[in-house]
Amino acid sequence: MRKILVIVIGLAVVASVAILLTQSAPPVVDLPSPITTLGQATPIIVHVHDPHGIRSVEAFVEQNGVQYRVWGTNQLSPVADGIWNFSAGVKTTPQLKDGSAKLIFLATSNSLLHKTARWEGPVTVVTRPPTVSVDSDQHYLYLGMADLATFNISGTWTEGGVRVGDQTFRAWPMPGGRPGFFSLFAFAWNMPPGTIPVVYASNGAGNDVTSSIVFQFPKKEQPKYTVHDLQISDQFMQKVINELDPNGSGDPVARFVKINSEMRRANNKVLSDLRLKTADHFLWSQPFLRQSHSQAEASFADTRNYIYKGAKIDQQVHLGYDLAATQHVGVEASNDGRVVYAAPLGIYGNCIVVDHGYGLQTIYGHLSQINVHEGDMVKRGQVMGTSGQTGMAGGDHIHFAMQLDGVQIDPKEWWDGHWIKDHIAKRVDLPGFSD
Ligand SMILES: [Zn+2]
């Protein structure tokens, strides 16, 4: 009997300890959007997870060995997940100075042991906005074309470059160890002509400063983009929907239009996102090559009306050159670079994208065969695959296009050594360049 009692008591103790142990984990603290900078009043969101509920949460900023309490709540949260919003910064803690600091959270569990979790991360206190100053060059802007601006940014900043309308082009440190920054930027083919390009810098603390670029927009010399009709045969429509929507059903015209609009948009987004896979230096030193012995069957930013049985079913803008030579001709790399995409891509068919550094990339579509892999370095003129008519293509050709920080541009300037000299090599070091 005694023995049994001892065992029962023993079991009870073990059980209680086990309960305490399962209750003893501290809460988990995380910040859904990371905080790197504290400004005047920076909004902060904190998420605390604890299966037993949350007893209290406090936030502190520590700088030069002194800790300031910036926020707290004692309101017991009975649920496992608590999310709180508050703001912290110089406005409520005027003792903070520009420089590095630490953001700290203490979160206490509502479990029996009231365990406390500590979270901390580095932040920079920024009270002053950055300043920008732009070169005094006259920049000539043409729809669909590119240019280069040099500038300085000082103070603390987290993001900067050239902004044209809602498009941004990153700032890069000047090559060759020279002081300052530069951006290659585009004035997109569809940018409203009155748009003023600016150099901007922001510090993540709510400060965004800009300075206008000196520019001319020669009205009479703007490219004239043409509109023309493209007759869609039943044969072409069937080819496209069988290849790009093999499991679809229903009205062929609706399927074709969906591919031409929605799939085109999605494919262009994939291309644009490749802007992040770029080198932080020039990978090239010579003018870009246009596919050897090729004829341009379509040029940049032509608007196409898609006509089927006499009716207009769609309209799209063609953002590249259609270069045709012979069937199954070798597809040449336009310049030295690194392959950042080599796979099927919807309307572009089998597609290769080559990065040339600083956000400049070339695109090759409709290939019958791809002979390179993502990550390969390629040389100017190197054959990377074979032309074909995969994707939205009615005959064997290469769709050749270029993009700058994700914005598609007219490649023709980049085929011209004089243009590169006047717009790129005169303003930044382009090692090995001679025109
Ligand atoms: Zn094309």
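Residues numbered from 1 in each chain as written. Predicted model: local features only at pLDDT ≥ 70, side-chain atom pairs only at ≥ 80, totals over all residues. Heavy atoms only, no water.

A.B. asks: Kindly report on the overall build of the protein, identifying the contributing residues and their values.
C.D. replies: A count of helices and strands for the protein gives four helices and 32 strands. Here the C-alpha coordinates of the protein stretch approximately 100 × 60 × 40 Å along the principal axes. Buried residues in the protein amount to 49% of all 435 residues. Sequence separation of at least 24 residues holds for 68% of the intrachain contacts in the protein that already meet a minimum separation of 6. The positive charge centre, built from 35 side chains, and the negative charge centre, built from 39, are 7 Å apart in the protein. (Helix = DSSP H or I, 4+ residues; strand = E, 2+ residues; numbered from the N terminus. Buried < 20%, exposed > 50% of the residue type's maximum accessible area, 1.4 Å probe, protein only. Contact = heavy atoms within 4.5 Å. Lys, Arg positive; Asp, Glu negative; His and termini not counted. Charge placed at Lys NZ, Arg CZ, Asp CG, Glu CD.)

A.B. asks: An account of unusual backbone geometry is needed here, citing residue identities and associated values.
C.D. replies: Despite not being glycine, His-293 has its phi angle at roughly 55°, a positive value. Examined against the element boundaries, His-293 turns out to sit in the loop between helix H3 (252-273) and strand E20 (295-298).

A.B. asks: Mind laying out the pairing of strand E12 (residues 159-164), listing which residues take part and the relevant values?
C.D. replies: When E12 meets strand E16 (residues 198-202), the two strands line up antiparallel, connected through five bridges. Residue pairing in the sheet places Gly-160 in a bridge with Ala-201 of E16. One ladder, built from four bridges, connects E12 with strand E13 (residues 167-170); its direction is antiparallel. Among the inter-strand pairings, Arg-163 is bridged to a residue of E13, identified as Thr-168. Taken together, E12 and the strand that follows it, E13, pair antiparallel across an intervening segment of two residues, in which Gly-165 is found at a positive phi of about 60°. (Pairing = 2+ DSSP bridges.)

A.B. asks: Tell me about the packing of helix H2 (residues 234-244) against H3, and name the residues and values.
C.D. replies: Contact geometry for H2 and H3: axes closest at 10 Å, N-to-C directions at 65°. H2 and H3 meet at a crossing whose hand is left-handed. Of the residues in H3, those in contact with Phe-236, Met-237, Gln-238, Val-240, Ile-241 and Leu-244 of H2 are Pro-252, Val-253, Arg-255, Phe-256, Ile-259 and Met-263. Residue classes in the contact of H2 with H3 are distributed as 10 nonpolar, one polar and one charged. (Axes fitted to C-alpha atoms, helices over the stretch in contact; angles between N-to-C directions. Left-handed = near helix turned anticlockwise from the far one by under 90°. Nonpolar A, V, L, I, M, F, W, Y, C, P; charged D, E, K, R; others polar.)

A.B. asks: Just give me the short version of the side chain of Glu-332, but keep the residues and values in it.
C.D. replies: Relative to the elements of secondary structure, Glu-332 occurs in strand E24 (residues 330-332). Of the side chains with opposite charge, Arg-380 lies nearest to the buried Glu-332, which makes no salt bridge, at 9.2 Å. Engagement of the side chain of Glu-332 in a polar contact is seen with the side chain of Ser-292, the distance being 2.8 Å. If near-sequence neighbours (up to four positions away) are discounted, Glu-332 is found in contact with Arg-290, Gln-291, Ser-292, Tyr-364, Gly-381, Gln-382, Val-383 and Met-384. (Salt bridge = Lys/Arg side-chain N within 4 Å of Asp/Glu carboxyl O. Polar contact = N/O pair within 3.5 Å; in protein donor to acceptor, adjacent residues only side chain to side chain.)

A.B. asks: Run through the layout of surface pockets, naming residues and quoting values.
C.D. replies: If a probe the size of a water molecule is rolled over the atoms, the empty space left behind becomes visible. Estimates place the volume of the largest pocket at around 510 Å³. Put simply, the parts of the chain that give the lining of the largest pocket at least two residues each are strand E19 (227-231), H3, E20, strand E21 (302-308) and strand E22 (311-318). For the lining of the largest pocket, the leading source of residues is H3, giving four residues. Considered class by class, the residues forming the lining of the largest pocket number 12 nonpolar, 12 polar and six charged. Of the volumes computed, that of the second largest pocket is approximately 330 Å³. As for the second largest pocket, its lining consists of 16 residues, and the residues nearest its centre are Gln-167, Ser-272, Gly-406, Val-407 and Gln-408. Elements represented by at least two residues in the lining of the second largest pocket include exactly E13, H3 and strand E32 (407-409). A per-element tally of the lining of the second largest pocket places H3 first, with four residues. The residue inventory of the lining of the second largest pocket, partitioned by class, reads five nonpolar, eight polar and three charged. (1 Å grid on protein atoms, 1.4 Å probe; cavity = no way out; pocket = protein on both sides within 12 Å on 5 of 7 lines; lining within 4 Å. Points joined across faces, edges and corners; volume = space filled by probe spheres on them.)

A.B. asks: Tell me about the sheet that holds strand E17 (residues 208-212), residues and numbers included.
C.D. replies: Taken in spatial order, the four strands of this open sheet run E13-E12-E16-E17, and their pairing is antiparallel. Of all strands in the sheet, those with a lone pairing partner are E13 and E17, marking the two edges. Recorded for the sheet is a direction-independent mean angle of 30° between the axes of neighbouring strands. Inspection of the sheet shows E16 paired to E17 by five bridges, in the antiparallel sense. For Ser-202, the partnering residue across the bridge sits in E17 and is Asp-208.

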